[in-house]
Amino acid sequence: MKKVVFNSEQLASLGREELLDQINNHEVSLLTSIGAKELLDEMDSVGFLSRTLVRFIALQKDDSKLRKRACKVIRLFAPAKLIKEYPRNEGAVVVGFNHPSLGEIFRLICLGFEAYPDKPFYFPINIPWYGTLTPVIPILKRGGLYVTPMITPSTEKKLKAKFEGDEAKLKSIQSYKVAFERIYMKLAKECADNKGVLVVAPSATRQAKVFPTPEAERGEGHIHPTMTLLAHRVCPKEDNDAMFLPVTVFEPKLNDRKVNLFKMYHIEPCEPFSGKEVYQITKDKEKSFDFLFLKRINDVYKQKAKYE
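Residues numbered from 1 in each chain as written. Predicted model: local features only at pLDDT ≥ 70, side-chain atom pairs only at ≥ 80, totals over all residues. Heavy atoms only, no water.

Take the overall build of the protein chain next. Along the protein chain, the regular secondary structure elements total 15 helices and 8 strands. A compact globule built from 308 residues would reach a C-alpha radius of gyration of about 19 Å, and the protein chain, at 19 Å, matches this within 12%. For the C-alpha atoms alone, the extent of the protein chain along its principal axes is close to 50 × 45 × 40 Å. Taken over 308 residues, the protein chain has a buried fraction of 53%. For the protein chain, the share of sequence-separated contacts (at least 6 apart) that also reach a separation of at least 24 residues comes to 78%. (Helix = DSSP H or I, 4+ residues; strand = E, 2+ residues; numbered from the N terminus. Rg over C-alpha atoms; globule rule 2.2 N^0.38 Å. Buried < 20%, exposed > 50% of the residue type's maximum accessible area, 1.4 Å probe, protein only. Contact = heavy atoms within 4.5 Å.)

This part covers the pairing of strand E5 (residues 197–200). Residues Val197 and Val199 line one face of E5 and the alternating positions Leu198 and Val200 line the opposite face, and both faces are buried. Taken together, the 4 bridges between strand E2 (residues 93–97) and E5 define a ladder with parallel strand orientation. Counterpart to Val95 in the pairing with E5 is Val199. Relative to E5, strand E3 (residues 121–126) is paired through 2 bridges, and the arrangement is parallel. By the bridge assignment for E5, Phe121 is matched with Val197. (Pairing = 2+ DSSP bridges.)

The next thing to look at is the nonpolar core. Core analysis: the largest hydrophobic core is formed by 67 residues, its most contacted members being Tyr86, Tyr116, Trp129, Leu159, Phe180 and Ile267. Take this core: its biggest share by element is 8 residues, from helix H7 (residues 103–115). When neighbours within four sequence positions are excluded, Ile267 is seen to be in contact with Ala80, Lys81, Leu82, Ile83, Tyr86, Leu108, Leu111, Val247, Thr248 and Val249. (Core = buried A, V, L, I, M, F, W, Y, C linked by side-chain atoms within 4.5 Å.)

Once that is clear, we can look at unusual backbone geometry. Look at Ala204: it is not a glycine, yet its phi comes out positive at around 60°. Examined against the element boundaries, Ala204 turns out to sit in the loop between E5 and helix H12 (214–217). Residue Ala204 is classed as partly exposed on the basis of its relative accessible area, which comes to 31%. Although it is not a glycine, Phe262 adopts a positive phi angle of roughly 65°. Within the secondary structure layout, Phe262 lies in the loop between strand E6 (243–250) and strand E7 (265–269). On the basis of relative accessible area, Phe262 is assigned to the exposed category, the value being 60%.

Right, let's talk about the pattern of salt bridges for a bit. Taken as a whole and judged by the stated rule, the model has 11 salt bridges. For Arg75, the salt bridge is made with Glu114, and the minimal N-O distance between the two is 2.6 Å. Taken together, the residues span a long stretch of sequence, with Arg75 in helix H6 (residues 66–77) and Glu114 in helix H7 at a distance of 39 residues. A relative accessible area of 34% means that Arg75 is categorised as partly exposed. Given a relative accessible area of 39%, Glu114 falls into the partly exposed group. Glu181 serves as the salt-bridge partner of Lys177, at 2.8 Å between the closest nitrogen and oxygen. Placement of the pair is Lys177 and Glu181 together in helix H11 (residues 167–193), with a separation of 4 residues, close to one helical turn. In this structure Lys177 comes out as buried when scored by relative accessible area, which is 14%. (Salt bridge = Lys/Arg side-chain N within 4 Å of Asp/Glu carboxyl O.)

Purely geometric stuff here, so don't read any function into it on its own.
See below:
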């Protein structure tokens, strides 16, 4: 189906759920419609790889065997070594990881499927990559993988630079960003209700270090409260059975920001936070939880030299 290019007024007339439906049904491209198709084009190669992979996996017609086939296929081109086992949990699991590249996404999906084979998975994805995946979203759902679009800080920065001076366009971009974030928070609540697995990069964008700045690493600088916001949806009361799991990604030494085909990643789950711990830390709406969460990842990441 050929995508429709909406003008600003048509886009503005859509509610956030209707907009997402239009995108998911492969009927409209948000980036193309707002005049930023080049951001979509940047993901052409990764998008093509992702769609081809998903369609190849979907040759397995038995949905109950899709995850096993997915893991077998992914390991061929995106190898990863799990340093220690993921901890088990009956309730929801929120997996947060450092995000040096796109490569860990494939590997974390594979390892997650193996660790939690019966849980639904939820994954926020940057809108340029998401826009390339819309044709295969029904297949992802067959495997119990539910994705949702986000306008990440890096994409927002590019859009602001492109449309600098166009206040109407910048205002509309901000409205889409907020709309997607609200859908994301709704999905987090759904994940908690379904005792699923939510996989998220707290940085919301690829970056070489765990903490965005040296000040943040010392507990002094700004850290976006990603995990705190999720905690309020997943652990709204003390009596909950959720688990927040920091996971450290050790990327290969000779790597880039993309998929790093056939290169070995090392993945190490850190000490988890119980849902009760998370509630106690975040109940007064303090933002210290994000620092504590990233610190567990960073403390393990300091061992990086062992895996290079």
